[in-house]
Number of protein chains: 2
Amino acid sequence: MALIERIVGRLADAGVGVGSGDDAAFFPAPGAELLFTTDAMVEGVDFRLQYCSGEDVGWKAIAINASDIAAMGGRPAQAVATLILPSSTPPSFVDGVVSGMRDAAQRWGIALVGGDLSEGREMALSIALLGVPFGEAAVLRSGARAGDAICVTGSLGGAAGGLAVLERGLKRGVQQARALTARQLRPVARVDEAACLVAAGAGAMIDLSDGLAVDLGHLTQSSAVGCRIDESAIPVHRALAWLAKELDGELDPLTVAIIGGEDFELLFTIEAERVDAARASLAELGTPVTRIGTAAESERLIGERKLEDWRKQGWEHLRNR
Amino acid sequence: MALIERIVGRLADAGVGVGSGDDAAFFPAPGAELLFTTDAMVEGVDFRLQYCSGEDVGWKAIAINASDIAAMGGRPAQAVATLILPSSTPPSFVDGVVSGMRDAAQRWGIALVGGDLSEGREMALSIALLGVPFGEAAVLRSGARAGDAICVTGSLGGAAGGLAVLERGLKRGVQQARALTARQLRPVARVDEAACLVAAGAGAMIDLSDGLAVDLGHLTQSSAVGCRIDESAIPVHRALAWLAKELDGELDPLTVAIIGGEDFELLFTIEAERVDAARASLAELGTPVTRIGTAAESERLIGERKLEDWRKQGWEHLRNR
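Here is what the cut-offs are and how they apply
- Residues numbered from 1 in each chain as written.
- Chains lettered and ligands numbered in written order.
- Predicted model: local features only at pLDDT ≥ 70, side-chain atom pairs only at ≥ 80, totals over all residues.
- Heavy atoms only, no water.
- Helix = DSSP H or I, 4+ residues; strand = E, 2+ residues; numbered from the N terminus.
- Buried < 20%, exposed > 50% of the residue type's maximum accessible area, 1.4 Å probe, protein only.
- Contact = heavy atoms within 4.5 Å.
- Areas by Shrake-Rupley, 256 points an atom, 1.4 Å probe, with all protein chains shown as cover.
- Pairing = 2+ DSSP bridges.
- Axes fitted to C-alpha atoms, helices over the stretch in contact; angles between N-to-C directions.
- Least-squares fit on C-alpha atoms with pLDDT ≥ 70 in both.
- Buried area = accessible area lost by both parts, 1.4 Å probe.
- Salt bridge = Lys/Arg side-chain N within 4 Å of Asp/Glu carboxyl O.
- Disulfide = S-S within 2.5 Å.
- pLDDT = per-residue confidence, 0-100.
- Polar contact = N/O pair within 3.5 Å; in protein donor to acceptor, adjacent residues only side chain to side chain.

1. Thoughts on the overall build of chain A
When you go through chain A residue by residue, the secondary structure sums to 11 helices and 12 strands. Overall size of chain A, expressed as C-alpha extent along the three principal axes, is 60 × 50 × 35 Å. The burial tally for chain A puts 61% of its 321 residues in the buried class. The long-range fraction of contacts in chain A, counting pairs at least 24 apart against all pairs at least 6 apart in sequence, stands at 87%. As displayed, chain A offers around 12,000 Å² of accessible surface, 47% of which is attributable to carbon and sulfur atoms.

Right, dumping it as structure tokens:
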């Protein structure tokens, strides 16, 4: 396809490293220990063309993979991309996808070393990304111990709120709407934050892709611990109050923050006496750290409610599909 | 999705290494220098459900990526998979895909360390594969020198012949038909052969995915050399004679061998005096090596005809789409 040359050309123009044009890319291993992940975005499932530009799709595909590497306490390094496109895709959209991938790759120091372009009836973009742990080993989901503090970076619920704005066609021009949709369309991988948290001694870590309730379930189950989360401590995205008002109270900001997905903040555990150091370290990056609770022996609670009950609720209903 | 657990469970049952169930897989780098490739199979474009089992799709997705690594003179190591499936996909088909991936991964010593499962309207399977060069460096397409012998492993045209059998609904029970369809549905990556060819001193290498005419074009252009190919030396797959008869001479076996794709044989160049050593080395694996021509200063010919003319012809028309 001529599109391949177009894409490779545009990446090369942008100074992004591309593969050798050979059967595979060839480069020195970025470290003695590797991280390896893959995540795809599928049209109609993970994004809709009505409200996503090509740039959005390309950016997010890279960001969600970089977030997985960050969640392991690592820095992203080399990536390959598989792009499946209907033959009717406008070249300008393809240019946008490449441009978004390029911008995100540059943001997190990722070399796009290869790719594959296929025709298909629906659009899909799959990224596979290599990374290297910042520390001697990766930070796993299983490293939490009872008594550890449970913390999150940034604020929660913004991406789900942004999806509600987009899906319901609310006025996107308003400042609060823009803040929310940016969280949905242009997520930020917490790579620099991960480096600081590794140095600060985070014991377990996961990125919040499926929402606090679900991902906290993954982390506590992997670690065989419980949790007690203080609802009032959860850092709810500020613009959700505006959204709740727009929707006549149909949506509860705290609930959105607990079950809304795709914030790509880091959820981590750390010995309680190290929380201040972690907070100070991330403050230099301008990223808040909030202690939201404590790892417990067995019971898993957010507020008075069991984690399982929150998890069952899920956030799918917020998507209005 | 419950399918994820099903797939991970089936891979684990089979003793194939799977990821940690964490945000990314974590493992020691397989070597100081890495190879990295990705290739996807899309329903309706790369395969059709009318004649492909799940096992076929899973096998081929791994094999075509392993072939890319082999073509760089490397051994495949770790892979991640992205599987996009319609929600209506029968579980038995999914089991087949996993089973085919598992069998191919075991065949070439690949650890499937992670994956991503998405819903989509059409089926697609994208693999990203890491590898390690057998030698100190990768064998590139650009290493051919004028005067080198040009050789291929195995025989050519079988996979395209198999596609014709499948697309035209010819009797698949006949021995020759089975031989051809196996070439199309269950390609074999020449990994062991690549190890021998690296040791024998192959200068340039590429796998035959797009067909001899096209891939020879890639290799000679990358190397800035010409080529003279002796048509009568090309190892045409034997069963193509049967197919030509079935189709009343509509199809010429030699033409199919020159422009048919997806044989995944290795096309390589080597100093003329080393051809015998390479042939002897691959004979131990039961794989023929055939010298089909010589790298020249500039002109690119297969028989009396320019490579460009063969390339323009392509093999798409053989696909009957």
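2. Overview of the environment of Arg183 of chain B
All names here are of chain B. Along the polypeptide, Arg183 turns up in helix α5 (residues 175-185). It is 5.7 Å that separates the C-alpha atoms of Arg183 and Gly158, two residues lying 25 residues apart in sequence. Setting aside residues up to four positions removed in sequence, Arg183 forms contacts with Ser155, Gly158, Ala159, Arg190, His237, Glu262, Asp263 and Glu265.

3. Section: the sheet that holds strand β4 (residues 111-119) of chain A
The mixed open sheet is built from five strands, whose spatial order is β4(A)-β3(A)-β5(A)-β2(A)-β1(B). The open sheet has two edge strands, β4 of chain A together with β1 (25-28) of chain B, and neither has a second partner. Averaged over all adjacent pairs, the angle separating strand axes in this sheet is 20°, with direction ignored. Across eight bridges, the pairing between strand β3 (residues 74-85) of chain A and β4 of chain A is parallel.

4. So, helix α6 (residues 191-200) of chain B
Residues and elements named next belong to chain B. Where burial is concerned, most of α6 is hidden: seven out of the 10 residues are buried. Within the sequence span of α6, burial applies to Val191, Glu193, Ala194, Cys196, Leu197, Val198 and Ala200. Buried positions along α6 lie against α2 (54-71), β3 (74-85), β6 (149-153), β7 (204-207), β9 (266-270) and α10 (275-283). The first or second residue beyond α6 is Gly201, which carries a positive phi of 95°.

5. Side note on the relation of the copies chain B and chain A
Relating one copy of the chain to the other takes a rotation about an axis and a shift parallel to that axis. Overlay of chain B on chain A (RMSD 0.0 Å): rotation 180°, translation along the axis 0.0 Å. On the angle and the small slide along the axis, the relation comes out as a two-fold axis. Of every C-alpha in chain B, the one belonging to Ala128 of chain B sits nearest the axis of rotation, 3.1 Å from it.

6. What to know about the interface of chain B and chain A
Contacts between the two partners involve 54 residues from chain B and, on the opposite side, 54 residues from chain A. Approximately 4,100 Å² of surface area, both sides summed, lies buried where chain B meets chain A, with 57% of it carried by carbon and sulfur atoms. The largest share of the area that chain B buries against chain A comes from Asp23, Phe26 and Phe36 of chain B, three residues that together contribute 21% of it. For the pair chain B and chain A, the number of links is eight salt bridges.

7. Remarks on the state of the cysteines
Residues and elements named next belong to chain A. Across all of its chains, the model carries zero disulfides over all chains by this definition. Here Cys151 stays free of any disulfide, with the sulfur of Cys227 as its closest cysteine sulfur at 13 Å. Exposure remark for Cys151: the relative accessible area of 0% places this residue in the buried category.

8. Concerning the pattern of salt bridges
It is possible for side chains of opposite charge to pair when their charged atoms get near one another. Taken as a whole and assessed by the stated rule, the structure comprises 32 salt bridges over all chains. When the shortest N-O distance is used, the salt bridge between Glu265 of chain A and Arg183 of chain A registers 2.9 Å. Here Glu265 of chain A is found in the loop between α9 (253-259) and β9 (266-270), whereas its partner Arg183 of chain A is found in helix α5 (residues 175-185), with 82 residues between them in sequence. Here Asp56 of chain B and Arg186 of chain B are joined by a salt bridge, their closest N and O atoms 2.7 Å apart. Placement of Asp56 of chain B in helix α2 and of Arg186 of chain B in the loop between α5 and α6 is noted, with a sequence separation of 130 residues between them. Since its relative accessible area comes to 9%, Asp56 of chain B is described here as buried. Using a relative accessible area of 33% as the deciding quantity, one classes Arg186 of chain B as partly exposed.

9. Re the environment of Met101 of chain B
All names here are of chain B. Examined against the element boundaries, Met101 turns out to sit in helix α3 (residues 91-107). When the C-alpha positions of Met101 and Ser223 are compared, they lie 34 Å apart, and in sequence the two are 122 residues distant. The residues touching Met101, leaving out its near neighbours within four places in the chain, are Gly58, Trp59, Ile62, Ala81, Leu112, Leu125 and Ile127.

10. Structural notes on the confidence of the model for chain A
Caution applies to low-pLDDT regions: their predicted coordinates should not be interpreted in detail. The pLDDT averaged across chain A works out to 92; a share of 91% of its residues lies at or above 70. Scored by ipTM, the complex comes to 0.92, with pTM at 0.94.

11. Focus: unusual backbone geometry
At Ala224 of chain A, a position not held by glycine, the phi torsion is positive, near 55°. The residue Ala224 of chain A is located in the loop between α7 (212-223) and β8 (226-229) in this model. You will see that Glu262 of chain B, though not glycine, has its phi angle at about 70°, which is positive. Its place among the elements puts Glu262 of chain B in the loop between α9 (253-259) and β9. By relative accessible area, Glu262 of chain B is classed as buried at 13%.

12. Brief notes about the side chain of Asn65 of chain B
Residue and element names in this part refer to chain B. With respect to the helices and strands, Asn65 occurs in helix α2. On the basis of relative accessibility, which here comes to 0%, the residue Asn65 falls in the buried class. In this structure the side chain of Asn65 is engaged in a polar contact, spanning 3.0 Å, whose partner is the backbone nitrogen of Asp39. Discounting residues that sit within four places of it in the chain, Asn65 has contacts with Thr37, Thr38, Asp39, Ile127 and Leu129.

13. Section: the pairing of strand β2 (residues 33-42) of chain B
The element β2 of chain B is largely enclosed, with a buried count of nine among its 10 residues. Bridge count for strand β1 (residues 25-28) of chain A against β2 of chain B is four bridges, and the pairing is antiparallel. Residue pairing in the sheet places Phe26 of chain A in a bridge with Leu35 of chain B of β2 of chain B.

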